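What the coordinates show
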Amino acid sequence: MRHILKSISILRGVHHVCIYQQGKEPVSNFPDHLNQSMALSYELIDQIFSAIKAINKSHDEIYFSIDDKFLVAYLMNKDCIALLLTDKKINFPLLNMGIKSAKMKIQRLFKEEQQKKIAAVVPPKQAVQSPMVDKELQVLLNQLLNVLKQYLGPATIFIFETDVKKWEKTYVQRRDNLPYLIDMLKRNLDPDTEQQQFIHQAHAIISRV
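For clarity, every value in this text was computed on a predicted model and none was experimentally measured.

You can see Asn177 is positioned in the loop between helix H5 (156-170) and helix H6 (178-186). Apart from residues no more than four positions distant in its own chain, Asn177 is found in contact with Trp167, Tyr171 and Val172.

So this is what it looks like as structure tokens:
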């Protein structure tokens, strides 16, 4: 998390950053004498974001004017808030690009942490074996599984099995029907950063002669 804090801190016009994760110690580069004030601010801002969510609104940033500075709060995900002390004349489009990048990194960290928890309690399975498919198709299925693992980690096997079962109920288990399975699998991935790359890799597998 500290490398994410650093990537936000180096944005022009950003003075200090504090990242709060539910159930964890905050990561901050605020001076020590300000950290207590930031903790109080976080509690208030967390209540505001909760209230916004309760009325089905989707605002994920709040600005407070403090003399010649802004205290900016960003909801990075449901369990993480970043507080920034910035200049008032900051380049907000550039700041928002930096925050968007940090959000993606934080979401990936949370996904990895969740996958580690699953891996710690679930015994590993090596391959999906389906009695409904021939050996050639089974090889392709396992190759698709391995590609999906690059994105979803240890939890992949359960997601994959579920989608394969849905596919088997709807389509004849043939190679030329695998694009329908790929379409099911892609829905488990981030549409902005992962789906197109997965589709390209998956179609490369099933189009091999």
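And the narrative resumes.
The next subject is the packing of aromatic side chains. Per the counting criterion, the structure on display carries 6 aromatic pairs. Ring geometry for Tyr171 against Tyr180: centres 4.3 Å apart, planes inclined by 10°, an arrangement best described as stacked. Accessibility expressed as a relative area gives 40% for Tyr180, which makes it partly exposed. Three or more aromatic residues joined by ring pairs make a cluster, and in this case those are Tyr63, Phe70 and Phe92. The ring of Phe70 is capped by Lys88, whose NZ or CZ atom sits 5.6 Å from the centre of that ring.

With that settled, the discussion passes to the packing of helix H4 (residues 135-152) against H5. Between H4 and H5, the least distance of the axes is 9 Å, while the angle of their chain directions is 135°. In terms of orientation, H4 lies oblique with respect to H5. Relative to H5, H4 is oriented so that their crossing is right-handed. Residue-level contacts link Leu137, Leu141, Leu144, Leu145, Leu148, Lys149 and Leu152 of H4 to Thr156, Ile157, Ile159, Phe160, Val164 and Trp167 of H5.

With a phi angle near 55°, Asp67 is a residue other than glycine that sits in the positive phi range. Topologically, Asp67 is positioned in the loop between strand S3 (61-66) and strand S4 (69-77). Using a relative accessible area of 70% as the deciding quantity, one classes Asp67 as exposed.

If you add up the space inside the largest pocket, you get close to 270 Å³. Considering the residues around the largest pocket, the lining is formed by 17 residues, among which Asp46, Phe49, Leu75, Asn77 and Lys78 are closest to the centre. In terms of residue count, helix H2 (residues 32-54) provides more of the lining of the largest pocket than any other element does, 6 residues in total. Classifying every residue of the lining of the largest pocket gives 7 nonpolar, 5 polar and 5 charged. Put simply, the second largest pocket is a space of about 170 Å³. Lining the second largest pocket we find Gln21, Gln22, Gly23, Lys24, Asp79, Phe110, Glu113, Gln114 and Lys117. The greatest single-element share of the lining of the second largest pocket, amounting to 4 residues, is contributed by helix H3 (residues 92-121). Among the residues forming the lining of the second largest pocket, the class breakdown is 1 nonpolar, 4 polar and 4 charged.

So, how was this worked out
- Residues numbered from 1 in each chain as written.
- Predicted model: local features only at pLDDT ≥ 70, side-chain atom pairs only at ≥ 80, totals over all residues.
- Heavy atoms only, no water.
- Helix = DSSP H or I, 4+ residues; strand = E, 2+ residues; numbered from the N terminus.
- Contact = heavy atoms within 4.5 Å.
- Phe/Tyr/Trp six-rings, centres within 6.5 Å; stacked < 30°, edge-to-face > 60°.
- Buried < 20%, exposed > 50% of the residue type's maximum accessible area, 1.4 Å probe, protein only.
- Lys NZ or Arg CZ within 6 Å of the ring centre and 35° of its normal.
- Axes fitted to C-alpha atoms, helices over the stretch in contact; angles between N-to-C directions.
- Parallel < 35°, antiparallel > 145°, perpendicular 65-115°, else oblique.
- Left-handed = near helix turned anticlockwise from the far one by under 90°.
- 1 Å grid on protein atoms, 1.4 Å probe; cavity = no way out; pocket = protein on both sides within 12 Å on 5 of 7 lines; lining within 4 Å.
- Points joined across faces, edges and corners; volume = space filled by probe spheres on them.
- Nonpolar A, V, L, I, M, F, W, Y, C, P; charged D, E, K, R; others polar.

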